[in-house]
Amino acid sequence: MRAAVTTPPDALAIGDQPIDDEPAARGGRSLGRLSPRGLPRSGWQVVAAKEFGDHILSVRLFILLGLLSLAAVGAIYSTASYVGTVAEGASGTTGLFVLLFSVPDPNSQVPSFATLIGLLGPLLGIAFGFDAINGERAERTLPRLVAQPIHRDAVIIGKFAAGLAVIGVVLLSTTLIVSGVAFLVLAVTPSPDDILRLAAWFVVSIAYIGFWLAFAMLCSAALRGAATSVLTAIGLWIVATIFWSALLVGLAANFFSPLPANPTLDQQVANAELQLNLARLSPGQLYSEASAYILDPSVQTVDVGAAVAQQNNARAIPSILPLEQSLSLAWPQLTALLAFTVVCFGLGYISFMRQEVRA
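Everything numeric here is computed off the predicted structure, so don't read it as measured data.

S.K.: Tell me about the environment of Arg 197, and name the residues and values.
M.R.: In this structure, Arg 197 sits in helix H9 (residues 192–222). The buried category is assigned to Arg 197, whose relative accessible area is 0%. Distance from Arg 197 to Leu 323, taken between C-alpha atoms, is 7.0 Å for residues 126 residues apart in sequence. The contact partners of Arg 197, leaving out residues within four places of it in the chain, are Val 98, Tyr 293, Ile 294, Leu 295, Pro 297, Leu 321, Pro 322, Leu 323 and Ser 326.

So this is what it looks like as structure tokens:
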């Protein structure tokens, strides 16, 4: 929200103090507290509606939507031939449609659509959150914004809600484009189970990108410059998606659980499980595991120890899991993502509420 709103003198509020309700006592209404139909609206809904309108009409949205759509279509075309060969002898198989979103072509370097969202999705959250607070400070509109007839906390809550809504629009549009391309290329009709799995994966993706939105807003509230906040957010994104799983996790696991020259199976499993547990400190790893459980019905575990036990058990028969079991397996990862998001948003909320805003 960049445009200042003119406020009547008797409707001003300072900081997070509520407005004087004197205009309502005279038969009037406080500024910005009514919906177009005359129903009362809370302050964060007013802020969210204005921010959502600004994001929808911004050039930033169209650039991100275009880049993400092009990358998604490229991933689907790369996967279509591989899934097509699988589909020839698997007509009517459960989860065949969602293979387009989760299984990459082993002969190509292009990742799957779900992996692509895990890599590029954080950019959506960072793009709509890095200047949410300090951008208002730079344009000197924050004092006028918090002086409106709303509580101060409604500003940051409304901006976060608007960012999530825009992210949902972009992700839904991209998913529909990918589904349309998949139907045109392979003529595979999604089953009701496939649609429910895509809906569950959509919720997980929103939670994952919402973490990056919350972290970007934390940087925006704690740091004065927009350039500093975006560099901080992108720096964490690079570390979490590239260096953490590929380098830092392996070094830490080898330090705490070193492998001798001729390691036993138990030592290898212990080292691999430690690497997996350390990798789960990254939101990208949690999102990858949750997506694997939901989009691939044949995935029963990503735990190294359990996988080795299943391989050694001759009675373990691979099977297709129903949606309820897949959701139960993905529930811990989703809970962790939501916890990370709540912590980041809470820190940003506290930082913003403790700051002094001067005209």
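Having seen the model, we can carry on.
S.K.: For a nonpolar patch on the surface, give the residues involved together with the corresponding values.
M.R.: A contiguous nonpolar surface patch, about 570 Å² in accessible area, is contributed by Ile 238, Val 239, Ile 242, Phe 243, Leu 247, Leu 248 and Leu 251. Here Leu 248 is to be found in helix H10 (residues 226–256). In this structure Leu 248 comes out as partly exposed when scored by relative accessible area, which is 35%.

S.K.: Explain the confidence of the model for the chain residue by residue, including any values.
M.R.: For the chain, the average pLDDT comes to 79, and 79% of its residues sit at 70 or higher. Considering only residues more than four positions removed or in separate chains, one finds that residues 305–316, a stretch of pLDDT under 50, has nine contacts.

S.K.: Give me the environment of Gly 66: which residues, what numbers.
M.R.: Here Gly 66 shows up in helix H3 (residues 59–88). Through-space distance from the C-alpha of Gly 66 to that of Val 170 is 9.7 Å; in sequence the pair is 104 residues apart.

S.K.: I'd like a rundown of unusual backbone geometry, residues and numbers included.
M.R.: Most peptide bonds take the trans configuration, and most residues that are not glycine carry a negative phi. Here Arg 140, not a glycine, exhibits a phi torsion of approximately 60°, which is positive. Residue placement: Arg 140 occurs in the loop between helix H6 (134–138) and helix H7 (142–146).

S.K.: Talk me through the side chain of Ser 205; I want residue IDs and the actual numbers.
M.R.: Within the secondary structure layout, Ser 205 lies in helix H9. At a separation of 3.1 Å, a polar atom in the side chain of Ser 205 contacts the side chain of Tyr 287. If near-sequence neighbours (up to four positions away) are discounted, Ser 205 is found in contact with Ile 117, Leu 171 and Tyr 287.

S.K.: Which residues make up the packing of H9 against H10, and what values do they have?
M.R.: Running from amino to carboxyl end, H9 crosses H10 at an angle of 140°, the nearest separation of the two axes being 8 Å. The two elements H9 and H10 cross, and the hand of that crossing is right-handed. Mapping the contact onto sequence places Trp 212, Phe 215, Cys 219 and Ser 220 in H9 and Ser 229, Thr 232, Ala 233, Leu 236, Trp 237 and Ala 240 in H10. Taken together, the residues that form the contact of H9 with H10 break down as seven nonpolar, three polar and no charged.

Parameters at a glance
- Residues numbered from 1 in each chain as written.
- Predicted model: local features only at pLDDT ≥ 70, side-chain atom pairs only at ≥ 80, totals over all residues.
- Heavy atoms only, no water.
- Helix = DSSP H or I, 4+ residues; strand = E, 2+ residues; numbered from the N terminus.
- Buried < 20%, exposed > 50% of the residue type's maximum accessible area, 1.4 Å probe, protein only.
- Contact = heavy atoms within 4.5 Å.
- Patch = residues over 30% accessible without salt bridge, like charges linked within 9 Å, V, L, I, M, F, W, Y side chains within 5 Å.
- Areas by Shrake-Rupley, 256 points an atom, 1.4 Å probe, with all protein chains shown as cover.
- Salt bridge = Lys/Arg side-chain N within 4 Å of Asp/Glu carboxyl O.
- pLDDT = per-residue confidence, 0-100.
- Polar contact = N/O pair within 3.5 Å; in protein donor to acceptor, adjacent residues only side chain to side chain.
- Axes fitted to C-alpha atoms, helices over the stretch in contact; angles between N-to-C directions.
- Left-handed = near helix turned anticlockwise from the far one by under 90°.
- Nonpolar A, V, L, I, M, F, W, Y, C, P; charged D, E, K, R; others polar.

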